[in-house]
Structures are given as C-alpha cells and as structure tokens.
Amino acid sequence: MFDVTEANEYFETHLKCTFWNSLDLQTRTAAVTQAVRDISCHLGVSALDESDIFIYCAVFEQAVYLAEYFDELNSPRQMQSETIDGVGSHTYNAPVGNAGGRPSRLAPGAAEYLARYVPVNRVRRG
C-alpha cells in the first residue's frame, strides 16, 4: 500500500526532498492519498500495482506536485484584463504548467512514467 513512509523514502534523494520534508504529516498523507486516486482514475483501474516501478514513481511524483501546486490547481483563473467596446474580450493569466489557462491535473513527471501505458499507435478520431 502506498503510504507516507514509502513517500519519505522515495524523496530522500529527490530534488524535491527539502520541499517534501517541510510538509506536515497531514499534508503528506493527503497528497499521497489523492495521488493514488488521481493515478487510478487516469489509468482507469480500481487498484494500483505497487510492484510496478512506473506506477510507484508516478504516484509519488503526483503527490509532491499536488502538494506544491494545490492552490493553482484549485483556484479560479484570474482575469488579467477586460475590454468592453462592442463585443468585448477577456484575458486570463495562465498559471504554471499549461498555456491553456490552468496547470495540468497530472504532474509532468507522473505523465512521463504513465506514458508507457498508452499505446503508441493509438488513433483518435474526432
């Protein structure tokens, strides 16, 4: 089972070690719990295989990402400017991680690990 103890071990030699260690136990636990949910939903499975190194790493990359960017991920887009002359227009600030106006819900590191589970020759229509 994914837990804070395993996460602490994962981050011992990680560039985000100082950040992770600065979080309180409740935040770490919540981040790992939510990361497991996020990765499960992304893969469309009810349980994750903890022995799979790519899933293992994806969960902890997602956990630190959620802890670090929680406010940006959950805040409304902030309007930067508005012009009301005829039809009008709005301009929004683009938060970290995504030019589309919101950061990605999936950590870039986690997405890299999970890319192995998406078929390369997958064709999309629409």
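Residues numbered from 1 in each chain as written. Predicted model: local features only at pLDDT ≥ 70, side-chain atom pairs only at ≥ 80, totals over all residues. Heavy atoms only, no water.

Attention now moves to the side chain of Glu 6. Mapped onto the elements of the fold, Glu 6 is located in helix α1 (residues 4–11). Nearest to the buried, unbridged Glu 6 among oppositely charged side chains is Arg 28, at 13 Å. Setting aside anything within four residues of it in sequence, one finds Glu 6 in contact with Met 1, Glu 50, Tyr 56 and Phe 60. (Helix = DSSP H or I, 4+ residues; strand = E, 2+ residues; numbered from the N terminus. Buried < 20%, exposed > 50% of the residue type's maximum accessible area, 1.4 Å probe, protein only. Lys, Arg positive; Asp, Glu negative; His and termini not counted. Salt bridge = Lys/Arg side-chain N within 4 Å of Asp/Glu carboxyl O. Contact = heavy atoms within 4.5 Å.)

For helix α4 (residues 53–74), the principal kink sits at Glu 68 and spans about 65°. Of the residues that open α4, the one with a side-chain oxygen 2.9 Å from the backbone nitrogen of Phe 54 is Asp 52. (Bend = angle between axes of the 7 residues up to and from the residue. Polar contact = N/O pair within 3.5 Å; in protein donor to acceptor, adjacent residues only side chain to side chain.)

A word on the packing of α1 against helix α3 (residues 25–43). Contact geometry of α1 with α3 gives a least axis separation of 9 Å together with a crossing angle of 95°. Relative to α3, α1 is oriented roughly perpendicular. Residues Val 4, Ala 7 and Asn 8 of α1 pack against Leu 25, Arg 28, Thr 29 and Val 32 of α3. (Axes fitted to C-alpha atoms, helices over the stretch in contact; angles between N-to-C directions. Parallel < 35°, antiparallel > 145°, perpendicular 65-115°, else oblique.)

Attention now moves to the nonpolar core. Nonpolar side chains in soluble globular proteins generally cluster together in the buried interior. Core analysis: the largest hydrophobic core is formed by 26 residues, its most contacted members being Phe 2, Phe 11, Trp 20, Val 32, Ile 39, Val 59 and Phe 60. Among the secondary structure elements, those contributing two or more residues to this core are α1, α3, α4 and α5 (108–114). The biggest single contributor to this core is α4, with 11 residues. Dropping the residues within four chain positions of it, Phe 11 is found in contact with Cys 17, Trp 20, Phe 60 and Val 64. (Core = buried A, V, L, I, M, F, W, Y, C linked by side-chain atoms within 4.5 Å.)

Here the distance between the centres and the angle between the planes together describe a pair of aromatic rings. Under the criterion given, the structure shown has nine aromatic pairs. Here Tyr 10 and Tyr 56 contribute two aromatic rings whose centre-to-centre distance is 6.4 Å and whose plane-to-plane angle is 75°, an arrangement assigned as edge-to-face. Of the two residues, Tyr 10 sits in helix α1 while Tyr 56 sits in helix α4, which places them 46 residues apart along the sequence. No difference in accessibility class separates Tyr 10 from Tyr 56, as the two residues are buried. Aromatic side chains Tyr 10 and Phe 60 sit 5.4 Å apart centroid to centroid with 40° between the ring planes, which places their arrangement in the tilted category. One end of the pair, Tyr 10, is in helix α1; the other, Phe 60, is in helix α4, with 50 residues separating them in the sequence. (Phe/Tyr/Trp six-rings, centres within 6.5 Å; stacked < 30°, edge-to-face > 60°.)

This brings us to the pattern of salt bridges. In this structure the tally under the stated criterion is one salt bridge. Residue Glu 68 is joined to Lys 16 by a salt bridge in which the shortest nitrogen-to-oxygen separation is 2.6 Å. With Glu 68 in helix α4 and Lys 16 in the loop between α1 and α2 (17–22), the pair connects residues that are 52 residues apart, well separated along the chain. For Glu 68, a relative accessible area of 28% translates into the label partly exposed.

Before going further, it helps to spend a moment on the environment of Asn 74. Relative to the helices and strands, Asn 74 resides in helix α4. In this structure the C-alpha to C-alpha distance between Asn 74 and Arg 105, which are 31 residues apart in sequence, comes to 9.6 Å.

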